[in-house]
Amino acid sequence: MANGGGGRPIKVLNVAEKPSVAKSVAGILSRQQGLRMREGRSRFNKIFEFNYTINGRPCLMSFTSVTGHLMEIEFDERFKKWHSCDPVQLYHAPIRKYVPEDKLDIKRTLENEARNCQWLILWLDCDREGENIAFEVVEVCTQVNRNLNIWRARFSALIDREIHHSVQNLIRPNQLFSDAVDVRQEIDLRIGASFTRFQTMFLRDAFVLDVITDERNLVLSYGPCQFPTLGFIVERYWEIQSHEPEEFWTINCTHNSDEGTATFNWMRGHLFDYTCAVIIYEMCIQEPSATVTKVRQQEKLKYPPYPLSTVELEKRASRYFRMSSEQTMKVAEDLYQSGFISYPRTETDGFSDQTILHRIVEEQQEHPQWGSYAQRLLDPGVGLWRNPGSGGHDDKAHPPIHPTKFSAGESSWSQDHHRVYELVVRHFLACISQPAKAAETTVEIDIAGEPFSASGRIIIAKNYLDVYRFESWGGSIIPTYNFGQQFTPTTLTLDSGVTRPPPLLSEADLLGCMDKAGIGTDATMHDHIKKLLDRCYATKDSNTRFSPTYLGEALVMGYDDMGYELWKPHLRSMMESDMKAVSVGTKRKAEVLEACLQQMKACFIDARANKGKLFEAMSIFFERSNRPPSNELHTGGDVVRRCGLCNESDMVLRKKPDGNFMVGCLGYPQCRNVVWLPSSICEAVVTTNTCSACTPGPIFKIQFKFRQLEIPPNYDVNHLGCIGGCDFTLRQLVEICGTGSRNASSIPGRGQGNPTSSNSGQRRSSGGWMACTHCGQTGHLSDTCPSQASRGRTARTREFNPENGLAGESSIPCNSCGASCVLRTANTANNRGRKFYSCQSQACNFFVWEDSLSGDRSAPPHTNMSRSASNPTSTRRGGRGSRRGAHANNAFVSATGEPISGRCFVCGDPSHFANVCPNRGR
DNA sequence: GCAAGGTC
């Protein structure tokens, strides 16, 4: 940039991306000397004035701001109305960029200022969006002043040196960066609007979408960020549903001494082959002397977290306080606005060398909770201080989130304000502290050639954990062992476990998935999550875990059936790499736009041609509608009972559009409790009679009338029935006639690598007449209980297997908890086709192979299993016990079906195994 | 009535 020399001061208009940056930069440049502030047209965007010298030339600086993007894009008037055109035209319809109503004041300020200036310096954030906003500002300003000399200030942090350097080294704005954003905006609008209009108009009126939102206002939106986010939720849900439990075995050893108890874990982990496990276990039992083969002591460090970025703040607030990302950002924004924390939208997770960390700590010394920690941190004698690490991310615009003003709590703060401020301060203090230190001892032993290990940990110094109360590091004492020492284990047990599916995605998990796949930005990720909830595509439980709704699942399923991965993150990744190419100049804007839109248009046309798939998927979950959306599903019905599942709403009798009856919870879709009634019912009326047998009451009886020709001759067409579970006649008729459940349709199987979960036979409703052992309601079993994590898809896909019979028919009472065990078929490599009973109660983990029973199916054996403490996946137990029970009937079998010698290795008694032998150790 | 991105 040429040195302009002396002469009259140059009038310079400076524009920042937000008011706070305008204020900060003006303060830094003016050194607070002669800084004046005046109002602009917009009350948020003040104008600061001061004198400054750029490369030797005196300048009269006026400094104002925008608030993010100044402009939006939209379709030309003719295409704006939904029914104005075929959605496919939206791939080529003209679009315009304009300043929306709420930004007109800012535009007028810029125009007023620009008229009188010679230079325009753009202080927008140094990322692609910032560059695009810079060009929006340029467009507005040059409209009123074509002679403006336009410059770009490039800065990476709001610190003196950085700001003064950038203004003395101005560059020109980067058109390519801005072009990349233009591409993104246009593609997002065209794809989003076309698919949203298409699927909304195609599906909304075709089905009875029993969601909370008024159907007339319901929009079935599609967006390149919201759909992949939904995809993560659905994919995990399907993974859970297709999970087949697989039994495994492990050997555990404990040893009691004067100093305490050591628990040794088998270093093989676990084996899925029972025979192998038993053989090894036999070897150990027969030669149980343990020899210490290794004693290792070492210092371990637990490092504090990196400085706080936005995504990390959202994840941690969700994990520690169960706050939604949306609420976290709302509160953080509030704290930022009132000056207590730094800018909350940042990707940066490392402090610049310039940041004066001590000063921030000094401010916190007076705090009643963490003030003393801050004092210790500042005391060099304590040695607690440590220069913070960095996660390696830097958005070149903002520092990590940190406290900017001391507060011991403000009267206007909500509990969430206190929480977020505390998290920001404690996190800051933690990341400039020494790691926690511990001494860990690991002892390895050998029993009959099998290695086992145990470890203990003694915390030497908690350091950062003293202030970061959200994390812990458990200590455990282990007795002293010496190399070569021999001892006899106190217990040596063969324990079983069953693999468990992963949990539903938590909000922190979901943010992690999005972050990894590049879906959304730090400032928008929480919006995409909220959108899924607003659109009724997903629900979030009290544990912050997400499940798809029927609607969300059906949409993803429909596109998946078409073979399109529109619900996966690839499309966004592809767009992101194209935008990158545009921003570095390896691809031209027009070229990328044309290629992408052409591709997406072809995809849209094809999707529309295959809309039958979408229709089929929706049909699985929703009733067809041939009348206006307002129907009895929304207008309630007569109350039959209080919902025992959600305990918040009543369950009401409803007649569905297809004529079938059901009793459903009014809390739907939050609560999905439903009892499907026989399809042979032509009339049903709730009476004032209550059932004396079923609990919890009152349960009002229903007067049914059946269609004569659809029920067996020995049943009466009129029947006063109860849905509480006591009514044998109703149960019979459900089994004979089926129900009106839409879930009776077949649903192809999903999930990874599980082809056999697809439909392999006639489907039946899952809503049997056994009471759910989880919620106590009838109409479903606990494995399909709407309150359970693995509900939904399983509930709708339960197979009627002629070999197994219906779940209800093939169930047997659980001897462990008194609920019921249902017969299932394993699909794991080692046990494919093998039948097993598993308890339907979520609280009970009973499990038994059918072939280990001795014929008396009504009473599966129950034993108290020894439990392994170390394997977190081994929550479902019972296999070992099942063999004990079977053993009593002389029917020990291996996983492959061969008989196993069943005799205690210690005393020879055939009634038990050695691990529970009363004579062992004598 | 549609997207996602800024920000207040």
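Remember, predicted model here, so these are calculated numbers, not experimental data. (Residues numbered from 1 in each chain as written. Chains lettered and ligands numbered in written order. Predicted model: local features only at pLDDT ≥ 70, side-chain atom pairs only at ≥ 80, totals over all residues. Heavy atoms only, no water.)

A. The arrangement of the protein's contact with DNA strand B in detail. Around DNA strand B, the surrounding shell holds 42 residues, and the nearest of these are Thr67, Lys103, Arg204, Tyr343 and His528. Among all atoms of DNA strand B positioned within 4 Å of the protein, those belonging to sugar or phosphate total 65%. The separation between a sugar or linking oxygen of DNA strand B and a polar side-chain atom of Glu17 is 2.9 Å. Between a phosphate oxygen of DNA strand B and a side-chain N or O atom of Arg535, the distance comes to 3.2 Å. Put simply, the parts of the chain that give the surface near DNA strand B at least two residues each are α6 (175-203), α10 (325-337) and α15 (525-534). Here the surface near DNA strand B gets nine residues from one element, more than from any other, and that element is α6. Among the residues making up the surface near DNA strand B, the classes are represented as twelve nonpolar, 16 polar and 14 charged. (Near = heavy atom within 4 Å. Polar contact = N/O pair within 3.5 Å; in protein donor to acceptor, adjacent residues only side chain to side chain. Helix = DSSP H or I, 4+ residues; strand = E, 2+ residues; numbered from the N terminus. Nonpolar A, V, L, I, M, F, W, Y, C, P; charged D, E, K, R; others polar.)

B. Main features of the packing of helix α9 (residues 310-321) against helix α13 (residues 415-431). The geometry of α9 relative to α13 is characterised by a closest axis approach of 11 Å and an angle of 115 degrees between their N-to-C directions. Here α9 and α13 pass one another in a crossing that is right-handed. On α13, the residues touching Leu313, Arg316, Ala317, Tyr320 and Phe321 of α9 are Arg419, Leu423, Val424 and His427. Split into classes, the residues belonging to the contact of α9 with α13 amount to six nonpolar, one polar and two charged. (Axes fitted to C-alpha atoms, helices over the stretch in contact; angles between N-to-C directions. Left-handed = near helix turned anticlockwise from the far one by under 90°. Contact = heavy atoms within 4.5 Å.)

C. Helix α1 (residues 19-30), seen in detail. Compared with the 16 Å implied by 1.5 Å per residue over twelve residues, the 16 Å span of α1 between its first and last C-alpha is a close match. When α1 is considered as a whole, its buried residues turn out to be Val21, Ala22, Val25, Ala26, Gly27, Ile28, Leu29 and Ser30. Buried-residue contacts for α1 involve β1 (10-16), β3 (47-54), β4 (57-65), β7 (119-123) and α5 (160-168). Note on α1: the residue one or two positions beyond its end, Arg31, has a positive phi of about 50 degrees. (Expected span 1.5 Å × (residues − 1). Buried < 20%, exposed > 50% of the residue type's maximum accessible area, 1.4 Å probe, protein only.)

D. Summary view of the sheet that holds strand β2 (residues 36-38). Spatial ordering of the open sheet is given by β2-β3-β4-β1-β7-β8, a layout of six strands whose pairing is mixed. Of all the strands in the sheet, the pair left with one neighbour each is β2 and β8 (149-152). Along the sheet, successive strands turn relative to each other by an average axial angle of 30 degrees, direction set aside. In terms of strand pairing, β3 meets β4 through seven bridges, oriented antiparallel. Residue pairing across strands places Asn51 opposite Leu60, the latter belonging to β4. On the sheet, α1 packs against β1, β3, β4 and β7 and is oriented at approximately 160 degrees with respect to β4. Along the sheet, helix α4 (residues 128-144) makes contact with β1, β7 and β8, crossing β7 at roughly 155 degrees. (Pairing = 2+ DSSP bridges.)

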